[in-house]
Amino acid sequence: GNLISPAENTWCPGCGNFSIEHMMKSALAELAESKGIPLEKFVIVGGIGCHGKLTDYLNVNSFYAIHGRAIPLATGIKLANPDLHVICFVGDGDTYAEGLDHLVFAAKRNADITVIVHDNRVYGLTTGQYTPTSPYGFKGRSTPDGITERPINPLELMLVSGATFVSRGYTKKLKPLKQTFKDAILHEGFSFVEVLQICATYFNLTDCYNDQVYDLEGIDTTDFDQALAKAREWDYTSLARIPLGTFYDRKMPVFGEKFRHLEKRTRSRDEAVRAVLEEYR
Ligand code: SF4
């Protein structure tokens, strides 16, 4: 298959979204080759923001969601077609603000989807307003005097919500980014990839990130407490070092699994509900 779409690209020169696009194309091609996954088994769902244009630029089955709603759509697609690999591309405004409830509940349920957040820490498409991950003091179009709120830490949030795969990449570190994409797609259960994405036009943090990032090494990715401690190393404002890589990777029952096997051995809906309650006792 051919992953290259004829759509004209309208991202600004130097935008980190190019890295995400190219590394995802390469990851999908390699998974198709090495794991024998046909390209038509990948489905991408995009949110609203500059990132959402990926649904046009990647030539695989895709769905363009409304603001903040990519995740419930992706969960539905996966439940109806369990043999598909469903990947959400969402933004930090899109999913940490408008769609936060969906993100938390997909993690809590261990929905078997992959969520990739293009976290440029600003609303780029609407020209520079602050988002939930903008640093303390950020001056944007809607906040010329600087914000006085603390940013959320998405990795910490995802760990405590129940995500079974949590990682962080950076759009200037291409090879690890591609590896993270492949690991997340192959993970059974809810996989979350926070990508520090450069917005070349409204919030270019290249110099800060280049100084602060380092690769996580030698951690036990099945140890929740260790993952949480690493996630807390950087608070999205300080000059502390920023770990990149996989923080957490555990295998747990996925959303829908129990229901499918119970459906087969029960006749009525009431029986199925009783059986589910029995199983959870
Ligand atoms: Fe990329 Fe920022 Fe331009 Fe949007 S506004 S295309 S995020 S550089």
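Residues numbered from 1 in each chain as written. Predicted model: local features only at pLDDT ≥ 70, side-chain atom pairs only at ≥ 80, totals over all residues. Heavy atoms only, no water.

Asker: How do you make sense of helix 7 (residues 174–186) when you look at a structure like this?
Answerer: For an α-helix, the turn length of 3.6 residues means that residues three or four places apart are oriented alike. An ideal rise of 1.5 Å per residue puts 18 Å on 13 residues; helix 7 measures up with 19 Å between its terminal C-alpha atoms. Every buried residue of helix 7 is listed here: Leu177, Lys178, Thr180, Phe181, Lys182, Ala184 and Ile185. Buried residues along helix 7 sit against helix 1 (17–35), strand 1 (42–46), strand 3 (85–91), strand 4 (114–119), strand 5 (165–170) and strand 6 (191–196). (Helix = DSSP H or I, 4+ residues; strand = E, 2+ residues; numbered from the N terminus. Expected span 1.5 Å × (residues − 1). Buried < 20%, exposed > 50% of the residue type's maximum accessible area, 1.4 Å probe, protein only. Contact = heavy atoms within 4.5 Å.)

Asker: Teacher, can you tell me more about the domain arrangement of the protein chain here?
Answerer: Much of the literature gives interface size as the accessible area that the parts lose upon coming together. Domain annotation for the protein chain reports domain 1 (17–250) and domain 2 (253–281). Taking only C-alpha atoms into account, the centre of domain 1 sits 32 Å from that of domain 2. Carbon and sulfur atoms supply 68% of the area buried between domain 1 and domain 2, which totals about 540 Å² over both sides. Linking domain 1 with domain 2 are zero salt bridges. Here domain 1 is connected to domain 2 by two residue pairs in polar contact (both at pLDDT 80 or more). Taken together, the residues that form the side of domain 1 that touches domain 2 break down as three nonpolar, three polar and three charged. (Domains from an automatic or database assignment. Buried area = accessible area lost by both parts, 1.4 Å probe. Salt bridge = Lys/Arg side-chain N within 4 Å of Asp/Glu carboxyl O. Polar contact = N/O pair within 3.5 Å; in protein donor to acceptor, adjacent residues only side chain to side chain. Nonpolar A, V, L, I, M, F, W, Y, C, P; charged D, E, K, R; others polar.)

Asker: Mind showing me how you'd approach unusual backbone geometry here?
Answerer: The phi torsion of most residues other than glycine is negative, and most of the peptide bonds are trans. Look at Asn110: it is not a glycine, yet its phi comes out positive at around 55 degrees. Of note, Asn110 is situated in the loop between helix 5 (100–109) and strand 4. We classify Asn110 as buried; its relative accessible area is 4%. Of note, Arg121 is a non-glycine position whose phi angle comes to about 65 degrees, a positive value. Under the relative-accessibility criterion, Arg121 is labelled buried at 2%.

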